[in-house]
Amino acid sequence: MAFCRQTVRLFLPGNRYTCIKRYISNQSKYLTVKKDEEFDDVVILKMVKEPDNSICTNLLEVLSETLQQLEDSKSYRAIVLTSGVTGIFSSGLDMLSLRQKPSNEIYKFWSLYQETWVRLYASSLITVAAINGSATASGCALATACDSRVMAEGDHVIGHDETRTGWLVPNWVKFGMVNLIGFKETERSFQKGTIFSPEDAQKIGLVDMVVPKDDLMTSVRIRLKESASLEDDLRISTKNMMRRETTENLNHRQQEDVTNMTIYSLLEHVQESIVDTNAQYLGWKPVPWPSG
Amino acid sequence: MAFCRQTVRLFLPGNRYTCIKRYISNQSKYLTVKKDEEFDDVVILKMVKEPDNSICTNLLEVLSETLQQLEDSKSYRAIVLTSGVTGIFSSGLDMLSLRQKPSNEIYKFWSLYQETWVRLYASSLITVAAINGSATASGCALATACDSRVMAEGDHVIGHDETRTGWLVPNWVKFGMVNLIGFKETERSFQKGTIFSPEDAQKIGLVDMVVPKDDLMTSVRIRLKESASLEDDLRISTKNMMRRETTENLNHRQQEDVTNMTIYSLLEHVQESIVDTNAQYLGWKPVPWPSG
Amino acid sequence: MAFCRQTVRLFLPGNRYTCIKRYISNQSKYLTVKKDEEFDDVVILKMVKEPDNSICTNLLEVLSETLQQLEDSKSYRAIVLTSGVTGIFSSGLDMLSLRQKPSNEIYKFWSLYQETWVRLYASSLITVAAINGSATASGCALATACDSRVMAEGDHVIGHDETRTGWLVPNWVKFGMVNLIGFKETERSFQKGTIFSPEDAQKIGLVDMVVPKDDLMTSVRIRLKESASLEDDLRISTKNMMRRETTENLNHRQQEDVTNMTIYSLLEHVQESIVDTNAQYLGWKPVPWPSG
């Protein structure tokens, strides 16, 4: 069963194809890159960094490069971003990437994160987040950069809890969130560090669908087929038309936004506060949606 | 019964009035321009281009000029945009305007459309869309440019289905839609080419009221009276204050946006795809609002 | 019981502290500035200008200066903006400030209002509006500039009714409103001059909580504790990150926006229309939320 009506890949020059094939078979320590079992032109990007898929330089690099290569290859139409770690989609940035590093390394880290986020947000591929565990802080941000979000039912959560662990949400992440749930909900949830159960996340529009865990990939594939019913040219032009102003704005602000995060990271009390705060939501129980 | 408390028209210099009068009596092949039966200072613009009010250069020209003249005349306070074609408000652009034309003509067409849309959006007149049939693609865009939208109950639909027929939604149209239904709903509906039943359109805020077909003009007049209870100076200043940034932004982007549409139109496969796809929603049955 | 975990004030140099103390004890004719009974680092700003807290130059000056001094002092973390006048939070601008004044004074008045509004919107303090009476026109605008809004149940209202009294809503006020309730609701409510009952205001997101009158300050304090659970640095950075673009945009547009309001104020018929229209909502009865 083919996801696109004709398998574009067959028409690629051999050397290019080989290169993709090699890439696809390359299993990184942090991210596995595999063709989907059902659709030839869908690639499953699975974060497999135990214990919590915290996002470090290496994970960002492999994610960013993979996105670039898949786009360049023209062999694939869609990616599914998901997790191979039980119960966790991603717990956010690996804070140890920022601990006791020289300022130029910290600047480089934030740049890489900003660029990867914008690349994912503006990707010409169909991008679906298959959220099979808690997606907190930058784990949530990766999901909001995708075209759509399907989340598994369960005791896991999604949201920006940065402030609860003493961290500032990067400005670029705000834009994706405001586009999804509006300004007021974004401001409130960032200030409170609110994390949402799958059901509450769907209520405010942060995720598009919530499905039983065992139906996750089936639902993702239904959504993929829906998106893929459009010609690629048209789908890409429409996505670009919708996201252009946000992307332009983020590119324009990049240096300022990255500098702000670097300065914040270097504050003494922020440096001191950096501990391994990940994996805290294992076993989290949903709380009712706050009334106020 | 007079719509405004004093009939401004009486104080106009004779020659100006004559000119308007001549204009008002001028029945174009595509757009009839008539005073409302009840209110002296309301003009009914009725699209009468069989079979589906597809929007061609001529229709855009007469609409744009009429808007300009009505604004300049100061004799009229409001327009109602509606259709004289049964079951169809407007099916969108007349694609044949773009078929096998030289690039400068295509550029001119998109410019004219962009200018007409912005003129309607920023009009100093009270503008109400009386949607008495399906309003799809640019037919929907004309409605969203108005101050408010009253839609008749029935089997017709409203929405941007451009992608279903292989077309790209112009960037300027996006702004009107985002202001009405927000970014996420706009992105999703543009990607899917979603068309809405009147009831679903009201649910997401795309139309303001849904009324039985026979009550359409009565409801429109109630809305007109409401809007007209404000002094014109104040109403115009308030409208201008609300829409200023969008209008400025669209004027600023005009060349880029028109160029993008021209380039898209000239793509070989796009040219080949141009067929008369209009009038496809006659007899359309409403489907339930998608849950995901 | 202390609102912050350590009393920052104790570590301030003596002379600075003295200065604040003097300031705090200074009771203006229009605005009383007092420490909260429960929390040492919360200041209650109570508008006490009988009969309706209409906003004049003096009230704006004392509010703006107080905000600046409280921010500079670093002794206080939060302000609560409320009213000492029964049944009225604030009825909006004191129109007599604009009656028969030279244009430079009118320009100065709008500048002062714009600057005060932006200062409140961008304040590094936690800002809560405790709305214990009707908050109309610029009275509503002061509330929307705060971080959150708690409103007392009762027969009072909130909203922008400027157009009902022949006035234009200033452009800067729009941004706060759009961020809270979205573009379409803002446009519609400004055009109609809609005022909302507390319950309806909560429904559209204009206020965050509605509570029995006697519980108002208790609820405000719960909200304050919630906000204050974040470190100040982090809370301020997050607020700044969220509100930066709006503030930048307003600073950029300041001259244009203030000039527009000045020109409008000087129109002959606007000058003639200025009467003391305040206090009109005492005894107002809530009306059902319009369906259309």
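The next thing to look at is the overall build of chain A. The helix and strand inventory of chain A stands at 10 helices and 10 strands. By the burial criterion, 60% of the 292 residues in chain A qualify as buried. Of all intrachain contacts in chain A linking residues separated by at least 6 positions in sequence, the fraction that spans at least 24 positions is 77%.

Quick look at the interface of chain B and chain A now. Taken residue by residue, the interface counts 26 residues in chain B and 23 residues in chain A. Carbon and sulfur atoms supply 54% of the area buried between chain B and chain A, which totals about 2,000 Å² over both sides. Counting the surface chain B buries against chain A, the share from its top three residues, B:F183, B:K184 and B:Q191, is 29%. Inspection of the region where chain B meets chain A yields seven salt bridges.

Moving on: the relation of the copies chain A and chain C. Rotating chain A by 120° and translating it 0.0 Å along the rotation axis places it on chain C, where the RMSD comes to 0.0 Å. The two molecules are tied by a three-fold rotation axis, judged by turn and shift. Measuring from the rotation axis to each C-alpha of chain A, the shortest distance belongs to A:G182, at 4.6 Å.

With that out of the way, let us pick up the interface of chain A and chain C. Counting residues at the interface gives 26 residues for chain A, matched by 23 residues for chain C. In total, chain A and chain C occlude about 2,000 Å² of area from one another, counting both sides; carbon and sulfur atoms represent 54% of this. Summed over the three residues of chain A that lose the most area to chain C, namely A:F183, A:K184 and A:Q191, the buried surface amounts to 28% of that side. For the salt bridge of C:E248 with A:R253, the shortest nitrogen-to-oxygen distance reads 3.3 Å. At the junction of chain A and chain C, the tally comes to 10 residue pairs in polar contact (both at pLDDT 80 or more). Here the side of chain A that touches chain C gets eight residues from one element, more than from any other, and that element is helix 6 (residues 183-192) of chain A. Residues of the side of chain A that touches chain C, tallied by class, amount to nine nonpolar, nine polar and eight charged.

The next subject is the pairing of strand 7 (residues 148-152) of chain A. Residues and elements named next belong to chain A. Of all five residues in strand 7, five are buried, a share of seventy percent or more. Where strand 5 (residues 126-131) meets strand 7, four bridges bridge the pair, whose relative direction is parallel. Opposite I131, over in strand 7, you have M151 as the bridge partner. Sheet topology places strand 7 next to strand 10 (residues 209-211); three bridges connect them, and they run parallel. If you follow V150 over to strand 10, its bridge partner there is M209.

Adjacent strands of a sheet form backbone hydrogen bonds with each other and so pair up, either parallel or antiparallel. All names here are of chain B. Strand order in the open sheet formed by four strands is 4-6-8-9, and the pairing between neighbours is mixed. A single partner strand is all that each edge strand has here, and the edge strands are strand 4 (87-90) and strand 9 (195-196). Relative to strand 6 (residues 133-136), helix 4 (residues 138-145) is tilted by about 95°, and along the sheet it contacts strand 4, strand 6 and strand 8 (158-159).

Let's shift gears to the packing of helix 3 (residues 103-121) of chain A against helix 4 (residues 138-145) of chain A. Residue and element names in this part refer to chain A. Relative to each other, helix 3 and helix 4 sit at 30°, their axes nearing to 8 Å. Taken together, the axes of helix 3 and helix 4 lie roughly parallel to each other. From helix 3, Y113, W117, L120 and Y121 reach across to helix 4, where they touch S138, A141, L142, T144 and A145. Of the residues belonging to the contact of helix 3 with helix 4, the class tally is seven nonpolar, two polar and no charged.

Another aspect to go through is the pattern of salt bridges. Summed over all chains, the structure comprises 56 salt bridges over all chains. Here A:R235 ties to A:D232 by a salt bridge, and the two come within 3.1 Å at their closest N and O atoms. Here A:R235 and its partner A:D232 are both found in helix 9 (residues 232-266), three residues apart, which amounts to about one turn of the helix. Across the salt bridge formed by B:D232 and B:R77, the nearest N and O atoms sit 3.0 Å from each other. Note that B:D232 is positioned in helix 9 (residues 232-266) and B:R77 in the loop between helix 2 (57-73) and strand 3 (78-83), a separation of 155 residues in sequence. Accessibility expressed as a relative area gives 24% for B:D232, which makes it partly exposed. Members of the salt-bridge network, linked through shared partners, are A:K174, A:R253, A:E256, A:D257, C:R244, C:E245 and C:E248.

We now examine the side chain of B:S219. Turning to its location among the elements, B:S219 is positioned in helix 8 (residues 216-228). In this structure B:S219 touches B:V150, B:M209 and B:V211, once residues within four positions along its chain are discounted.

Residues and elements named next belong to chain A. The strand order across the open sheet formed by four strands is 4-6-8-9, and the pairing between neighbours is mixed. What marks the edges here is a single partner per strand, and that holds for strand 4 (87-90) and strand 9 (195-196). Packing against the sheet, helix 4 makes contact with strand 4, strand 6 (133-136) and strand 8 (158-159), and its axis sits at approximately 95° to strand 6.

A cis amide bond links A:E50 with the next residue in sequence, A:P51, at an omega value of 5°. Tracing the backbone shows A:P51 in the loop between strand 2 (42-47) and helix 2 (57-73). Unlike most non-glycine residues, A:A137 shows phi in positive territory, near 50°. Along the chain, A:A137 falls in the loop between strand 6 and helix 4. Look at A:A137 and you get buried, because its relative accessible area is 8%. Not every positive phi belongs to a glycine, and C:K74 is a case in point at roughly 60°. If you trace the backbone, C:K74 turns up in the loop between helix 2 (57-73) and strand 3 (78-83). Given a relative accessible area of 55%, C:K74 falls into the exposed group.

This paragraph deals with the packing of aromatic side chains. Using the criterion set out here, one finds 21 aromatic pairs over all chains in the structure. Where A:W167 meets A:Y264, the ring centres are 5.7 Å apart and the plane angle is 65°; that geometry is what we call edge-to-face. Here A:W167 is found in the loop between strand 8 and helix 5 (171-181), whereas its partner A:Y264 is found in helix 9, with 97 residues between them in sequence. A:Y264 carries the same exposure label as A:W167, and that label is buried. For the ring pair C:W110 and C:W167, a centre distance of 6.2 Å and an interplane angle of 40° mean the geometry is tilted.

We now examine a negative patch on the surface. Residue and element names in this part refer to chain A. On the surface, E153, E199, D214 and D215 cluster together to form a negatively charged patch. On the secondary structure map, D215 appears in the loop between strand 10 and helix 8 (216-228). With a relative accessible area of 35%, D215 lands in the partly exposed category.

This paragraph deals with the packing of helix 9 of chain B against helix 9 (residues 232-266) of chain C. Where helix 9 of chain B contacts helix 9 of chain C, the axes come no closer than 12 Å and their chain directions differ by 165°. Taken together, the axes of helix 9 of chain B and helix 9 of chain C lie roughly antiparallel to each other. Here helix 9 of chain B runs over helix 9 of chain C; the crossing is right-handed. Together, B:L234, B:S237, B:R244, B:E245 and B:E248 of helix 9 of chain B and C:R253, C:E256, C:D257, C:N260 and C:Y264 of helix 9 of chain C make up the contact between the two elements. Here the contact of helix 9 of chain B with helix 9 of chain C is built from residues that sort into two nonpolar, two polar and six charged.

We now examine helix 9 of chain B. What sets the pattern is the α-helix's 3.6 residues per turn: residues three or four places apart point alike. For helix 9 of chain B, which comprises 35 residues, the first-to-last C-alpha distance of 44 Å sits more than 12% below the rise-based estimate of 51 Å (1.5 Å per residue). For helix 9 of chain B, the principal kink sits at B:R253 and spans about 60°.

With that settled, the discussion passes to helix 5 (residues 171-181) of chain C. Residue and element names in this part refer to chain C. A large share of helix 5 lies buried, amounting to 10 of its 11 residues. Here helix 5 has its buried residues at N171, W172, V173, K174, F175, G176, M177, N179, L180 and I181. Two residues or fewer past helix 5, G182 is found with a positive phi of approximately 85°.

Scoring rules and cut-offs
Residues numbered from 1 in each chain as written. Chains lettered and ligands numbered in written order. Predicted model: local features only at pLDDT ≥ 70, side-chain atom pairs only at ≥ 80, totals over all residues. Heavy atoms only, no water. Helix = DSSP H or I, 4+ residues; strand = E, 2+ residues; numbered from the N terminus. Buried < 20%, exposed > 50% of the residue type's maximum accessible area, 1.4 Å probe, protein only. Contact = heavy atoms within 4.5 Å. Buried area = accessible area lost by both parts, 1.4 Å probe. Salt bridge = Lys/Arg side-chain N within 4 Å of Asp/Glu carboxyl O. Least-squares fit on C-alpha atoms with pLDDT ≥ 70 in both. Polar contact = N/O pair within 3.5 Å; in protein donor to acceptor, adjacent residues only side chain to side chain. Nonpolar A, V, L, I, M, F, W, Y, C, P; charged D, E, K, R; others polar. Pairing = 2+ DSSP bridges. Axes fitted to C-alpha atoms, helices over the stretch in contact; angles between N-to-C directions. Parallel < 35°, antiparallel > 145°, perpendicular 65-115°, else oblique. Phe/Tyr/Trp six-rings, centres within 6.5 Å; stacked < 30°, edge-to-face > 60°. Patch = residues over 30% accessible without salt bridge, like charges linked within 9 Å, V, L, I, M, F, W, Y side chains within 5 Å. Areas by Shrake-Rupley, 256 points an atom, 1.4 Å probe, with all protein chains shown as cover. Lys, Arg positive; Asp, Glu negative; His and termini not counted. Charge placed at Lys NZ, Arg CZ, Asp CG, Glu CD. Left-handed = near helix turned anticlockwise from the far one by under 90°. Expected span 1.5 Å × (residues − 1). Bend = angle between axes of the 7 residues up to and from the residue.

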